[in-house]
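Structure assessment
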Amino acid sequence: MANINVKLSTSKGDICLELFEDKAPITVKNFLSYVDKGFFDGTIFHRVIPGFMVQGGGFVPGMDQKRSDAPIKNESSNGLSNKRGTVAMARTMDPDSASSQFFINLVDNASLDRKDASPRGAGYCVFGAVTTGLETIDAIARVSTGLRAPHADVPKEDVVIVQAKRI
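This write-up is about the structure you can find in this document. (Residues numbered from 1 in each chain as written. Predicted model: local features only at pLDDT ≥ 70, side-chain atom pairs only at ≥ 80, totals over all residues. Heavy atoms only, no water.)

Let's talk about the overall build of the protein chain
- Across its full length, the protein chain carries two helices and 11 strands.
- In terms of overall dimensions, the protein chain is globule-like: its C-alpha atoms have a radius of gyration of 15 Å, near the 15 Å expected for 167 residues.
- In terms of overall dimensions, the protein chain has a C-alpha envelope of 35 × 35 × 30 Å along the principal axes.
- For the protein chain, the proportion of its 167 residues judged to be buried stands at 49%. (Helix = DSSP H or I, 4+ residues; strand = E, 2+ residues; numbered from the N terminus. Rg over C-alpha atoms; globule rule 2.2 N^0.38 Å. Buried < 20%, exposed > 50% of the residue type's maximum accessible area, 1.4 Å probe, protein only.)

Below, the structure written as structure tokens:
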């Protein structure tokens, strides 16, 4: 079975993702549901931490949060590691709280990998990887950020996902 690919057209350039449906079927189905209904179109990368990751999929310009679907089960036990260029689900302290928000690792972040079944050790589910556009991710990481209470690390200039679509 061939992996599914998604293109994120952003205000900083294009990012192409390969999704690992065989390793994270629930997560990929969830992500594609958002892609197919245009949910990500017009959202922003709302959290950018150089040397760590860039996060998007939940807010529109002005830091207004979009209403997402129900959370999904964390598939972080799939054996995939949070390495540079991988895509993982963002979540709260509850391991099974991921919905629409995702992040792309700027560096190898093994500390985000699953350690055990406890809430602290549950890890973050990797479900894809950047195939082209790492330079776009690096460009996003260079934007100036600041505090937009109650959120930190918010780009001062909106980095918009203009369109997300299957390719």
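Brief notes about the pattern of salt bridges
- Enumeration over the complete set of coordinates arrives at five salt bridges.
- The salt bridge partner of lysine 7 is aspartate 14, with a shortest N-O separation of 3.4 Å.
- Exposure remark for lysine 7: the relative accessible area of 23% places this residue in the partly exposed category.
- On the basis of relative accessible area, aspartate 14 is assigned to the partly exposed category, the value being 37%.
- Lysine 37 is paired through a salt bridge with aspartate 69; the nearest N and O atoms lie 2.5 Å apart. Residue lysine 37 is found in the loop between helix H1 (25–36) and strand S3 (43–49), and its partner aspartate 69 is found in the loop between strand S5 (64–65) and strand S6 (86–89); the two are separated by 32 residues along the sequence.
- When its relative accessible area of 47% is taken as the criterion, lysine 37 is described as partly exposed. (Salt bridge = Lys/Arg side-chain N within 4 Å of Asp/Glu carboxyl O.)

Quick word on the pairing of strand S4 (residues 53–60)
- Of all the eight residues making up S4, seven are buried; the element is thus mostly covered by neighbouring parts of the structure.
- Where S3 and S4 come together, five bridges link them in antiparallel fashion. The residue bridging isoleucine 44 from the neighbouring strand is phenylalanine 59, located in S4.
- Adjacent in sequence and paired antiparallel, S3 and S4 are bridged by three residues, among which glycine 51 carries a positive phi angle near 75°. (Pairing = 2+ DSSP bridges.)

Considering the side chain of arginine 91
- Relative to the assigned elements, arginine 91 resides in the loop between S6 and strand S7 (102–105).
- Buried charged residue arginine 91 carries no salt bridge. Nearest counter-charge: aspartate 94, at 6.7 Å.
- Here glycine 123 takes part through its backbone oxygen, which lies 3.0 Å from a polar atom of the side chain of arginine 91.
- Excluding residues that lie within four positions of it along the chain, arginine 91 makes contacts with Asn74, Ser97, Ala98, Pro119, Ala122, Gly123 and Tyr124. (Lys, Arg positive; Asp, Glu negative; His and termini not counted. Polar contact = N/O pair within 3.5 Å; in protein donor to acceptor, adjacent residues only side chain to side chain. Contact = heavy atoms within 4.5 Å.)

Considering the nonpolar core
- Among the nonpolar cores identified, the biggest contains 34 residues, and Ile15, Phe31, Phe40, Phe102 and Phe127 are the most heavily contacted of them.
- Per element, the largest residue contribution to this core is five residues, and it comes from H1.
- Here phenylalanine 31 is in contact with Val6, Leu17, Leu19, Phe40, Phe102 and Phe127, once residues within four sequence places are set aside.
- Core analysis: the next-biggest nonpolar cluster, separate from the first, contains seven residues, Ile49, Ala90, Phe103 and Val126 among them. (Core = buried A, V, L, I, M, F, W, Y, C linked by side-chain atoms within 4.5 Å.)

Considerations on unusual backbone geometry
- Here the bond from alanine 149 into proline 150 is cis, since omega is 5°, no more than 30 degrees from zero.
- By secondary structure assignment, the location of proline 150 is in the loop between strand S9 (145–148) and strand S10 (151–155).
- Despite not being glycine, methionine 63 has its phi angle at roughly 60°, a positive value.
- Looking at the element boundaries, methionine 63 is found in the loop between S4 and S5.
- On the basis of relative accessibility, which here comes to 10%, the residue methionine 63 falls in the buried class.
- The phi dihedral of aspartate 153 is positive, around 65°, even though this residue is not glycine.
- Relative to the helices and strands, aspartate 153 is located in strand S10.
- For aspartate 153, a relative accessible area of 27% corresponds to the partly exposed category.

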